[in-house]
Amino acid sequence: MSRRRHLVDLRQGPPAILPSLLLCDFGNLEREIRQLEEAGVRALHLDVMDGRFVKNLTYGMPIVEACRRLTDLPLDVHLMIEQPQDYVKQFHNAGADIITMHAEAVDSPSGVLSQIRELDCGAGLAINPETPVELIEDSLPLCDLVLVMSVKAGFGGQSFQTVALEKLRQLKDLVGEETLLAVDGGVNDGTIHDCQAAGAQLLVVGSAIFREASYRDAVRKLTDLALPV
Ligand code: DX5
Ligand code: ZN
């Protein structure tokens, strides 16, 4: 199946909760992924940080590969790295279905977005809270996904910044139906509904799942709260 086919699946149906695996137990990755599958999540969000574009350092291709071996769920790889163009191919080979890079990490995103699409992956573009939508407006036709950061990229567990809601509303008017809008950072019981109402179809959640005893209960509760009223 074409990897881009996953984009169609994600566009259909209710808003999707994407667990961010930053806080999961990497010593028990298989068990963690099984629990998330049983909780009914529709894709996994993998946060790759290089200690340069952001201060934090996480993991790279080997963990993406390990996830690929363990699940058929789409893998949404969020690159918080400098020079993402140098690594796109490797993340594709590792099994990424969607590759999202930061607008702040490149001079012009268009070339990298096209490179990602040529590999048959979904092409995503992320913007930090201080980056205006206007900066990426020209690149939107090349985006399969736009990731609006509601915290500054780098760490889980930060508080939600409401500027993300304004940007989602702005983007909703600018992108076509085929472009997914996603939000990432501080999404929890108190913020998820506003995100959905502002236009986010994909809701990336870290702490509000992984700090809970039952992933299934957490995902169910968040999904209910995210449903359109
Ligand atoms: C932050 C990451 C997020 C984050 C989400 O740079 O991109 O995916 O870890 O975690 P919470 O939900 O705890 O903000
Ligand atoms: Zn992320």
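What comes next concerns the included structure. (Residues numbered from 1 in each chain as written. Chains lettered and ligands numbered in written order. Predicted model: local features only at pLDDT ≥ 70, side-chain atom pairs only at ≥ 80, totals over all residues. Heavy atoms only, no water.)

**Thoughts on the overall build of the chain**
Along the chain, the regular secondary structure elements total nine helices and eight strands. Against the 2.2 N^0.38 benchmark of 17 Å for 229 residues, the chain shows a C-alpha radius of gyration of 16 Å, consistent with a compact globule. Viewed in the frame of its principal axes, the chain has a C-alpha envelope of about 40 × 40 × 35 Å. By the burial criterion, 55% of the 229 residues in the chain qualify as buried. Counting only contacts in the chain whose residues sit at least 6 apart along the sequence, the fraction spanning at least 24 positions is 65%. Element-wise, carbon and sulfur atoms account for 47% of the exposed surface of the chain, whose accessible area totals about 9,900 Å². (Helix = DSSP H or I, 4+ residues; strand = E, 2+ residues; numbered from the N terminus. Rg over C-alpha atoms; globule rule 2.2 N^0.38 Å. Buried < 20%, exposed > 50% of the residue type's maximum accessible area, 1.4 Å probe, protein only. Contact = heavy atoms within 4.5 Å. Areas by Shrake-Rupley, 256 points an atom, 1.4 Å probe, with all protein chains shown as cover.)

**Focus on the environment of Gln-83**
Tracing the chain through its elements places Gln-83 in the loop between β3 (75-80) and α4 (88-94). With relative accessibility at 45%, the residue Gln-83 sits in the partly exposed group. In sequence terms Gln-83 and Leu-174 are 91 residues apart; their C-alpha atoms lie 27 Å from each other.

**Remarks on the side chain of Asp-184**
Residue placement: Asp-184 occurs in strand β7 (residues 180-184). Buried and unpaired, Asp-184 has Lys-167 as its nearest opposite-charge partner, separated by 13 Å. A polar side-chain atom of Asp-184 sits 3.2 Å from a polar atom in the side chain of His-78. (Lys, Arg positive; Asp, Glu negative; His and termini not counted. Salt bridge = Lys/Arg side-chain N within 4 Å of Asp/Glu carboxyl O. Polar contact = N/O pair within 3.5 Å; in protein donor to acceptor, adjacent residues only side chain to side chain.)

**Looking at the site of ligand 1**
Around ligand 1 sit 20 residues, and of these Gly-154, Asp-184, Gly-186, Gly-206 and Ser-207 come closest. Between ligand 1 and Gly-154, the relevant distance is 2.8 Å, taken from an oxygen atom to a main-chain nitrogen or oxygen of the residue. Gly-186 is positioned such that a nitrogen or oxygen atom in its backbone is 2.8 Å from an oxygen atom of ligand 1. Relative to its free-state accessible area of 380 Å², ligand 1 is covered by the protein chains to the extent of 99%. (Near = heavy atom within 4 Å.)

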